[in-house]
Number of protein chains: 2
Amino acid sequence: MQDQRQVSAEDSLIARYFKPLATDPGALALVDDAAILSASADDIVVTTDAVVEGVHYLATDPPDTIARKALRVNLSDLAAKGASPAGFVLTLALRSKEDAWLRPFADALGEDAKSFACPLLGGDTVSTPGPQMISITAFGRVPKGRMVGRTGASPGDLIFVTGTIGDAALGLDVLTGGVAAAALTDPAARDYLVDRYRVPRPRNALASIVRDYASAAMDVSDGLAGDLAKLCTASGVSAVVNAHQVPASPAAAIAISAVGFEKLVSGGDDYEVLCAVPEGRSAAFSRAAEQAGVQITMIGTIIAGQGAPQWIDAQGREIKLRRLSYSHF
Amino acid sequence: MQDQRQVSAEDSLIARYFKPLATDPGALALVDDAAILSASADDIVVTTDAVVEGVHYLATDPPDTIARKALRVNLSDLAAKGASPAGFVLTLALRSKEDAWLRPFADALGEDAKSFACPLLGGDTVSTPGPQMISITAFGRVPKGRMVGRTGASPGDLIFVTGTIGDAALGLDVLTGGVAAAALTDPAARDYLVDRYRVPRPRNALASIVRDYASAAMDVSDGLAGDLAKLCTASGVSAVVNAHQVPASPAAAIAISAVGFEKLVSGGDDYEVLCAVPEGRSAAFSRAAEQAGVQITMIGTIIAGQGAPQWIDAQGREIKLRRLSYSHF
């Protein structure tokens, strides 16, 4: 594995596919081992998330959607923390360097980097004999001390989520021929859900609004039920959630009779923002979100206590969830 | 894969093994999706390097050495850039969560994080059906505008390297039963080389000295010959290197007759600092390095030109290297 041609193969892979994405001066045009995040009065918010073939995406997923997902799961964290994207570094573990895979991957990554104003700063490309993996560490900026954490929710705060919940889990179900796949006969509904699984819609348009109004926030990545439980634990509070208020897309509403409500709130990959907002600020929060073009829905209330969040149906009866989240182990 | 026990298994894995490492306030005790690098007058230097089982380390390597290698390859980049460590984020792609592997891995990572003053800030733990992989993004601080790049070397600058070159490549050869393994009969020499392969010695003690004296620097990770060629290309210069001045350990000196000189300078995993220092500053540089306890050796001179660096033997004859570097593709 050691000859001059192979050196230039590795270097030319980076030059051909990734140098065009390194538009930030801090990326040093990818000729260095390191990148620079310039000194500023802002705190740097750091988040890291990896996607693994066969775990977070399917080997048959189109490479452009894999690239978008790898970056967007990190952009979603920045949005929930109230941070503006500042750039990212990429570790790419590849089995091969086929142009048919790398070209659409790099092009889509570049498009997303541009549209989310989050340039590539650096990275590492390694070979692996196993499944491909894309690990991204993304950086955002917030005014000093203003990152929105998980620990600030207080009793009385209202609980909001963006977008719709459960679509991605149903999309995976469609792709893998599960129960939802059989229940959904409309191709447009199936395509919608699959697209939601493959290409998250991170709510970066809401970032500064989350910063201005939310007492606590996180992105919903492992299932709404489990993620809300984590936010409550971190804040030392509990919650009451009105299950019938959880926003579902039309396609999810069709599937729900087949798969059950629990699937929507325990599946992963939503990449929506979950936040707690003090009641007195909630009207202003809602107006700001509407102006930003981001759909938000109030789904419940933070309450005092240490217990798990309670899920209540339209008749006021408690729903016992058996599963809360996706977990890797 | 979705039930409450498994949620707590994943959370408890992080709590049990990695929370004790998250000593920096910016790590938020690993209860958030994000970490904070506080605003300061310094530039943040960012570097990312991954190690893959079967590629960068052997499946049979002890887990404590794998942890140290994963962090130290990144610390080495910070050292060469003149940066003080500020922290790191970790992506761990695991097949299993066996305590017998994770406990020594996390303990050694914690020891290194402490001794190099580079605390764990956050991370992501994912499952993989394939080889394990550890991807680390490390952060360092330098006074604004003072990161040492690859582009500043000028004709007349002297070329220095730290430590000894080629030990790690020979150590891998010993572990895999190669030519060096047969040539080295002394167990102590074999153990020394294996240890150099498994546990790099990043030269962070030299970081501020590199910043004060070097015109260009990088760490030697893919082979001295190839890395020097990269530095020269980035700086728009060439070089003359005196091959017999390249520092070799006693163990490497024994092996060299069996494996040849080229193996030393084209193998990877040295994690030494390569730098160019203006001649007028080289005496002061040498004194500062000695005071810091870091061995440095002058191996050649930067010259004008666009050609590949020339390697000269003790008789003044040019050595033609067929291989310059390790490459993944």
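Residues numbered from 1 in each chain as written. Chains lettered and ligands numbered in written order. Predicted model: local features only at pLDDT ≥ 70, side-chain atom pairs only at ≥ 80, totals over all residues. Heavy atoms only, no water.

### Some remarks on the packing of aromatic side chains
For clarity, the threshold we go by: Ring pairs are drawn from Phe, Tyr and Trp, using the six-membered ring of Trp, whenever the two centres fall within 6.5 Å, and their geometry is named by plane angle: stacked under 30 degrees, edge-to-face over 60, tilted for the rest. Here a strand is any run of E in DSSP of at least two residues, a helix any run of H or I of at least four, and the numbering for each starts at the N terminus. Exposed residues in this analysis have more than 50% of their type's maximum accessible area, buried residues have under 20%, and partly exposed residues fall in between, with area computed by a 1.4 Å probe over protein chains only.
Taken as a whole and judged by the stated rule, the model has eleven aromatic pairs over all chains. Centroid distance Phe160(A) to Phe285(A): 5.0 Å. Interplanar angle 65°. Geometry classified as edge-to-face. In this pair, Phe160(A) sits in strand E6 (residues 158–162) while Phe285(A) sits in helix H11 (residues 279–291), placing the two residues 125 residues apart along the sequence. A residue is classified by how much of its surface remains accessible, and Phe160(A), at 5% relative accessible area, is buried. Measuring from centroid to centroid gives 4.8 Å for Trp101(B) and Phe105(B), while their planes differ by 15°, and the two rings are stacked.

### A few points about the environment of Val240(B)
Residue and element names in this part refer to chain B. Among the structural elements, Val 240 can be located in strand E8 (residues 238–242). On the basis of relative accessible area, Val 240 is assigned to the partly exposed category, the value being 23%. Placed 140 residues apart in sequence, Val 240 and Ala 100 show a C-alpha to C-alpha distance of 49 Å.

### Structural notes on the interface of chain B and chain A
Many analyses report the size of an interface as the accessible area lost when the parts associate. To be explicit about the condition: Note on contacts: a residue pair is in contact if any heavy atoms of the two residues lie within 4.5 Å. Summed over both partners, the accessible surface that disappears when two parts come together, traced with a 1.4 Å probe, is what is meant by buried area. Salt-bridge detection follows one rule: a side-chain nitrogen of Lys or Arg within 4 Å of a carboxyl oxygen of Asp or Glu. We define a polar contact as two N or O atoms separated by no more than 3.5 Å, with the added condition that, inside protein, one atom must be a possible hydrogen donor and the other a possible acceptor, whereas residues neighbouring each other in sequence contribute only through side-chain atom pairs. Residue classes follow a fixed rule: Ala, Val, Leu, Ile, Met, Phe, Trp, Tyr, Cys and Pro count as nonpolar, while Asp, Glu, Lys and Arg count as charged, and any other residue, Gly among them, counts as polar. Paired strands are those between which DSSP finds at least two bridges.
Listed as interface residues are 75 residues of chain B and, on the opposing side, 75 residues of chain A. Regarding the contact of chain B and chain A, the summed buried area is about 6,200 Å², with carbon and sulfur atoms giving 58% of it. Along the contact surface separating chain B from chain A lie four salt bridges. The partner of Asp33(B) in a salt bridge is Arg150(A), with the nearest N and O atoms 2.8 Å apart. There are 23 residue pairs in polar contact (both at pLDDT 80 or more) connecting chain B and chain A. Counting residues per element, the side of chain B that touches chain A draws most heavily on strand E2 (residues 42–52) of chain B, which supplies ten residues. Taken together, the residues that form the side of chain B that touches chain A break down as 34 nonpolar, 23 polar and 18 charged. Bridge analysis of strand E2 (residues 42–52) of chain A against strand E1 (residues 35–37) of chain B gives three bridges, and the strand direction is antiparallel. By the bridge assignment, Ile44(A) is partnered in E1(B) with Leu37(B).

### Comments concerning the sheet that holds strand E10 (residues 296–303) of chain A
Residue and element names in this part refer to chain A. Put simply, the rule reads: Lines fitted to C-alpha atoms define the axes here, with helix axes fitted over just the stretch in contact, and angles between the N-to-C directions of these axes take values from 0 to 180 degrees.
Here we have seven strands laid out as an open sheet, ordered E7-E9-E6-E10-E8-E11-E12, and mixed in their pairing. Of all strands in the sheet, those with a lone pairing partner are strand E7 (216–220) and strand E12 (318–319), marking the two edges. Summarising the sheet, strand E8 (residues 238–242) and E10 pair through four bridges and their orientation is antiparallel. Within the sheet, the bridge partner assigned to Ser 238 lies in E10 and is Ile 303. Packing against the sheet, helix H2 (residues 63–80) makes contact with E7 and strand E9 (272–277), and its axis sits at approximately 165° to E7.

### A word on the relation of the copies chain B and chain A
Stated formally: Copies overlap after least-squares fitting; the atoms used are the C-alpha atoms of residues with pLDDT of at least 70 in both.
Overlaying chain B on chain A yields an RMSD of 0.0 Å, the required transformation being a rotation through 180° with an accompanying axial translation of 0.0 Å. In symmetry terms, the pair is related by a two-fold rotation axis. No C-alpha of chain B approaches the rotation axis more nearly than that of Gly130(B), which lies at 2.3 Å.

### A look at the pairing of E6(A)
Residue and element names in this part refer to chain A. Of all five residues in E6, five are buried, a share of seventy percent or more. With four bridges joining them, E6 and E9 adopt antiparallel strand pairing. Bridge pairing in E9 places Phe 160 opposite Cys 275. Alignment of E6 against E10, held across five bridges, turns out to be antiparallel. Note on E10: the bridge partner recorded for Phe 160 is Met 298.

### Section: the UniProt feature "domain: PurM-like C-terminal" (unreviewed entry) in chain A
Formally: UniProt positions are given in the numbering used here, feature names are shortened, and annotations may be inferred rather than shown by experiment.
If you check UniProt for "domain: PurM-like C-terminal" (unreviewed entry), the listed places come out as residues 155–307 of chain A in our numbering. For residues 155–307 of chain A, the helix share is 48%, the strand share is 19%, and the end-to-end C-alpha distance is 13 Å.

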